[in-house]
Amino acid sequence: MTDFVLSNEPHIRLAAFIGILTIMALWEVLAPRRDLHIGRSRRWPNNLGIVVFDSLLVRLAFPATAIGVAVLAERQGWGLFHAFTMPAWAAVPLAVILLDLAIYLQHRLFHAVPPLWRLHRMHHADLGFDVTTGIRFHPVEILLSMAIKLGTIVVLGAPAVAVLIFEVLLNATSMFNHGNVRTPAALDRVLRWIVVTPDMHRVHHSTSVAEINSNFGFSLPWRDRLLGTYRDQPALGHEAMVFGIDVFRDPRDLRIDRMLLHPLRDADGRYPFAPRAEAG
């Protein structure tokens, strides 16, 4: 199984990416959650362009993929999962859950530390909210995220199959929960106990300090509920809430050149991570 995963990992991930992107794009056309003031023709080329740039940079900076590092850890006996005997049926889902926890904590860290927030706020500065927002991240943030992920894989000794499942799941759910798609309210209430839904994560992209510091989860929704960062709905409602960062409202900031320079621009005038009691 490990050999199969390693040899087919690029094809599996690419197929999943293209498939989910296509499904979500069609869903957005057929059943949009709300009208976006700035259309796809202005946002999508830049958001997709940054994805291509990020992917090339990661390949240059990290010759070994996350799957490759997992295989190396297995061969060397590194990590917690190799210190204990555990059947694959238990090790794989547990590793996926722990990797998801690491991403949740990393996300909170990038909101809490001002230099990291400068990188991450590019993701939040999108003036719309759709499937391409979910893959729009600054290249330096992507490099730091990759380094954290590889370190976590080594510490855990996560099985290669678990890492592949996590990678595909994270990518797929990020595009799903950023989708500008309408789902029945009753279905959303059920789904958000299993996975982070678009209506749940959309709150996180509000200009409100209270809301931007809530609903940090990408894949599994339980972290926010258990750790006190869950917010059910935006105060202004999904139709009226405002996306982005207050001081970055110029549509020219959606250009890829401005996105790359975003961390060097003026601070947004407030510390991003505020206690919920103070923020709300």
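In this report, the structure presented in the accompanying data block is examined. Every value quoted in this text rests on a predicted model; they were computed, and no experiment measured them. Position labels on residues start from 1 in each chain and follow its written sequence. Only residues with pLDDT of at least 70 get local features here, since the model is predicted, and only at 80 or more are side-chain atom pairs given and counted; chain-wide, interface and lining totals rely on the full set of residues. Side-chain figures throughout are based on the complete set of non-hydrogen atoms in the structure, without hydrogens or water.

Before going further, it helps to spend a moment on the overall build of the chain. By definition, any uninterrupted DSSP run of H or I lasting at least four residues is a helix, any uninterrupted run of E lasting at least two residues is a strand, and each is numbered from the N terminus. Within the chain one finds 13 helices and zero strands. Start at the N end of the chain and walk to the C end: the helices and strands fall as α-α-α-α-α-α-α-α-α-α-α-α-α. Based on C-alpha atoms, the radius of gyration is set beside the globule rule, defined as 2.2 Å times the residue count to the power 0.38. Taking 280 residues into account, the globule formula puts the C-alpha radius of gyration at 19 Å, and the chain, at 19 Å, falls close to it. Based on the C-alpha atoms only, the size of the chain along its principal axes is roughly 50 × 40 × 40 Å. Relative to its 280 residues, the chain shows a buried fraction of 49%. Two residues form a contact once any of their heavy atoms are found within 4.5 Å. Sequence-distant contacts in the chain: of pairs separated by 6 or more residues, those separated by 24 or more amount to 77%. Accessible surface, the chain as shown: approximately 13000 Å² in total, 69% of it carbon and sulfur. Only protein chains enter the accessibility calculation, which uses a 1.4 Å probe; a residue is then buried when its area is under 20% of its type maximum, exposed when over 50%, and partly exposed in between. In this description, accessible areas are obtained by the Shrake-Rupley approach with a 1.4 Å probe, and a residue is regarded as covered only by the protein chains that are shown.

Moving on, we get to the packing of helix H5 (residues 114-124) against helix H6 (residues 139-156). Note on geometry: axes are C-alpha line fits, over the in-contact stretch for helices, and angles between N-to-C directions span 0 to 180 degrees. The geometry of H5 relative to H6 is characterised by a closest axis approach of 8 Å and an angle of 115 degrees between their N-to-C directions. H5 and H6 meet at a crossing whose hand is left-handed. Facing H5, whose interface residues are Leu116, Leu119 and His120, H6 presents Val140, Glu141 and Leu144. Throughout, a crossing is termed right-handed when the near helix is turned clockwise from the far one, and left-handed when it is turned anticlockwise from it by less than a right angle.

A few words on the nonpolar core. Ranked by size, the top nonpolar core spans 27 residues in total, and within it Leu99, Leu150, Ile153, Ala158 and Val163 carry the most contacts. When neighbours within four sequence positions are excluded, Leu99 is seen to be in contact with Thr152, Ile153, Leu156, Ala158, Val163 and Phe166. Among the nonpolar cores identified, the runner-up in size contains 15 residues, and Trp44, Val181, Val195 and Met259 belong to it. Among buried residues, those of type Ala, Val, Leu, Ile, Met, Phe, Trp, Tyr and Cys that are joined through side-chain atoms within 4.5 Å constitute a nonpolar core.

Geometric values such as these leave the question of function open.
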